[in-house]
Amino acid sequence: MSAFMDDSFLEDRHDSIVHIPRDLPVSSEIVGNSEVKFLFINSNSAIYKTIFTFIKDFAFLFLTPKEIEILKGFSVDKRRVEWVMGRICIKSLLLHCMGWKQGFHRIEILKGESGEPLVVLKQNGFKIYQPSYFVSLSHRNGSCVSALSKNPVGIDLEIAENLDNSMMEDYFDCREKDLLDSLLSHLVNFNIPLGWSMKESVLKVLKLGLSVSPKSVTIESIDPDYMTALLKYEHQQEFECKFIIEHPYIISISSMR
Ligand SMILES: CC(C)(COP(=O)(O)OP(=O)(O)OC[C@H]1O[C@@H](n2cnc3c(N)ncnc32)[C@H](O)[C@@H]1OP(=O)(O)O)[C@@H](O)C(=O)NCCC(=O)NCCS
């Protein structure tokens, strides 16, 4: 039985014609003290192309009426696709981890007070249940990644590319710069987006996003062999970050220690 199976929302499970793909690339990591499940949908993958073809005409099968209203508010096509893909990415992860086969339209992903994603389960349009686990989401260049955990979690997706060194001065102090520079032999030249991604994932755990300076999160140490890092918020609260390279992307997942 999955670690996420303790939710009693299984009665009405044959009410949708949409099935999650069998071969969903769901992975699992222990980050800090938490088990985190995550799903990365690369825009070059066959799964992405299948979903993309389907949602052009049938996005409503994946969404609740409230989500459809929100979708109508986006005027830019790219943002619409990204937004729907993000919901599908979170919902697929939830369905997979809970062992359900269907029911996308009964899961609603709302925005919390700071913009963080919140999960609500619905039946006949009514909220029946707010699960006790946490989700996080990130998009980049059409690809998206979602995370699910019983504890607060943050996930971020960045492109592993060589960025202008001026970013180093803006977002990292001298000690962090040395730590990130020491990775150059391991990670070729994408130490800056890696450091940025680690910080952003911590700011998502805290639900702060970029409402605070990225400098409020500091990288304290990095272990390139285990691909983990220790970060602190305001020099106090500790977080562990696990980073994964899915070329050409970096995925950072953070949770409290
Ligand atoms: C969180 C944030 C840093 C991510 O920015 P980004 O790198 O451009 O985007 P990502 O793709 O990595 O992440 C976007 C997702 O993060 C989530 N998110 C947004 N704000 C968040 C927050 N405060 N905490 C945690 N997650 C957040 C959302 O699910 C969003 O996806 P969605 O809009 O499709 O639902 C950015 O959205 C941000 O700083 N928001 C500002 C917070 C703020 O000032 N809020 C004011 C009230 S809305």
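Quick note: structure is the one above.
This text gives an overview of the structure that appears in the document. (Residues numbered from 1 in each chain as written. Predicted model: local features only at pLDDT ≥ 70, side-chain atom pairs only at ≥ 80, totals over all residues.)

### Re unusual backbone geometry
Working step 1: Residue Pro 248 follows His 247 across a cis peptide bond; omega there is 5°.
Working step 2: Within the fold, Pro 248 resides in the loop between strand E11 (237–246) and strand E12 (249–256).
Working step 3: The residue Lys 207 is not glycine, and still its phi comes out positive at about 65°.
Working step 4: Classification of Lys 207 by C-beta neighbours within 10 Å gives partly exposed; the count is 16. (Helix = DSSP H or I, 4+ residues; strand = E, 2+ residues; numbered from the N terminus. Buried ≥ 20, exposed ≤ 12 C-beta atoms within 10 Å, placed from the backbone.)

### Let's talk about the packing of helix H5 (residues 174–181) against helix H7 (residues 191–205)
Working step 1: The geometry of H5 relative to H7 is characterised by a closest axis approach of 9 Å and an angle of 125° between their N-to-C directions. With respect to their mutual orientation, H5 and H7 come out oblique. In the crossing of H5 with H7, the sense of the turn from one axis to the other is right-handed. Along its contact with H5, which presents Glu 176, Leu 180 and Asp 181, the element H7 presents Asn 191, Ile 192 and Gly 195. (Axes fitted to C-alpha atoms, helices over the stretch in contact; angles between N-to-C directions. Parallel < 35°, antiparallel > 145°, perpendicular 65-115°, else oblique. Left-handed = near helix turned anticlockwise from the far one by under 90°. Contact = placed C-beta atoms within 7 Å.)

### What to know about the site of the ligand
Working step 1: The ligand sits among 17 residues. The nearest are Gly 115, Glu 116, Ser 138, Gly 209 and Leu 210.
Working step 2: Of all the secondary structure elements, the ones that give two or more residues to the shell around the ligand are helix H3 (77–98), strand E6 (134–140) and H7.
Working step 3: Examining the composition of the shell around the ligand, we find that 3 residues originate from one element, E6, more than from any other.
Working step 4: Structurally, the shell around the ligand is a two-domain feature, drawing no fewer than three residues from each of domain 1 (26–151) and domain 2 (156–256). (Near = placed C-beta within 6 Å. Domains from an automatic or database assignment.)

### Examining the sheet that holds E6
Working step 1: Across the sheet, 4 strands lie side by side as E1-E2-E7-E6; this open sheet has antiparallel pairing. The open sheet is flanked by strand E1 (26–31) and E6, the only strands paired with a single partner. Neighbour to neighbour, the strand axes of the sheet diverge by 20° on average, direction disregarded.
Working step 2: Both strand E2 (residues 34–41) and strand E7 (residues 143–149) contribute to a ladder of 6 bridges, which runs antiparallel. Across the sheet, the residue bridging to Phe 38 is Ala 147, located in E7. (Pairing = 2+ DSSP bridges.)

### Side note on the pairing of E11
Working step 1: With 6 bridges joining them, strand E10 (residues 228–233) and E11 adopt antiparallel strand pairing. Looking at the pairing, Tyr 233 lines up with Gln 237 of E11.
Working step 2: Turn length for the E10-E11 hairpin, with the two strands adjacent in sequence and antiparallel, is 3 residues, and the turn residue Glu 234 shows positive phi of about 50°.
Working step 3: The pairing of E11 with E12 spans 8 bridges and is classified as antiparallel. Paired with Phe 243 across the bridge in E12 is Ser 252.

### Side note on the sheet that holds E11
Working step 1: One open sheet holds the 5 strands; their spatial order is E8-E12-E11-E10-E9, and the pairing between them is antiparallel. Here the strands that pair on one side only, and so sit at the sheet edges, are strand E8 (153–159) and strand E9 (217–223). Direction aside, the axes of adjacent strands within the sheet are offset by 25° on average.
Working step 2: Most of the contacts of H7 go to E8, to which it runs at about 155°, and overall it touches E8, E9, E10, E11 and E12.

### Section: the environment of Asp 156
Working step 1: Assignment of secondary structure puts Asp 156 in strand E8.
Working step 2: On the neighbour-count criterion, Asp 156 (27 C-beta atoms within 10 Å) is buried.
Working step 3: Distance in space between the C-alpha atoms of Asp 156 and Ile 251 is 5.7 Å, their sequence separation being 95 residues.
Working step 4: Setting aside residues no more than four positions away along its own chain, Asp 156 makes contact with Ser 138, Ser 197, Glu 200, Ser 201, Lys 204 and Ser 252.

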